[in-house]
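Observations on the three-dimensional arrangement
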Amino acid sequence: MEKFNFVINGNNYDTEVLEIIDNKAQIQVNGIVYNVEIDNTKKKIANTPRANVARPVAKAAPVATTTVQAPKATAGANAITAPLPGVILDVKVNVGDSVTVGQHLLTLEAMKMENNIDSTKDGVVKSIAKHKGDSVMEGDVLIEIE
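The structure contained in this document is the topic of the report that follows.

Regarding the sheet that holds strand 3 (residues 24-29)
- Pairing is antiparallel across the open sheet formed by four strands, whose spatial order is 1-2-3-4. The sheet is open, and its two borders are formed by strand 1 (2-8) and strand 4 (32-37), each paired with just one other strand. Neighbouring strand axes in the sheet, compared pairwise and without regard to direction, differ in orientation by 30° on average.
- As paired elements, strand 2 (residues 11-21) and strand 3 share six bridges and run antiparallel to each other. Bridge pairing in strand 3 places Ile-20 opposite Ala-25.

Here we look at the sheet that holds strand 6 (residues 79-81)
- The strand order 6-13-11-8 describes an open sheet built from four strands, whose pairing is antiparallel. Two strands in the sheet have a free side with no partner beyond their single neighbour: strand 6 and strand 8 (98-99).
- Pairing between strand 11 (residues 123-128) and strand 13 (residues 141-145): three bridges, direction antiparallel. Across the sheet, Val-125 pairs through a bridge with Ile-145, a residue of strand 13.

Rules and cut-offs
- Residues numbered from 1 in each chain as written.
- Predicted model: local features only at pLDDT ≥ 70, side-chain atom pairs only at ≥ 80, totals over all residues.
- Heavy atoms only, no water.
- Pairing = 2+ DSSP bridges.
- Helix = DSSP H or I, 4+ residues; strand = E, 2+ residues; numbered from the N terminus.
- Axes fitted to C-alpha atoms, helices over the stretch in contact; angles between N-to-C directions.

Given below as structure tokens:
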């Protein structure tokens, strides 16, 4: 249907709206297809500039929270990787901390959703590759656990 290119925090996102049926849409972002729900309660604001006229400020939609299990890295690797592109909102652990399976490690915002990234193994945090405010792409190493 429509293609867009967004640059967010220096990262390029090629997007395409594939299909819209009622309030459900199928959107492709950097080759990954997402099924999303459209909030039809908001009105579209015309994008025509007018001199000396105050424009309404759009309020951000409420942010939903989900828990995402980071994909397991390849055998022998100790990396927790980003399951999808986004921005790190918060890191809950420090280097040297002991962690257990299922423990909340960090929060990743992606497509206006907060995703809890949980540990996939027991161990000690060896390194933290991404920090609060960092942009990440799918598969980027976030935390290493040994």
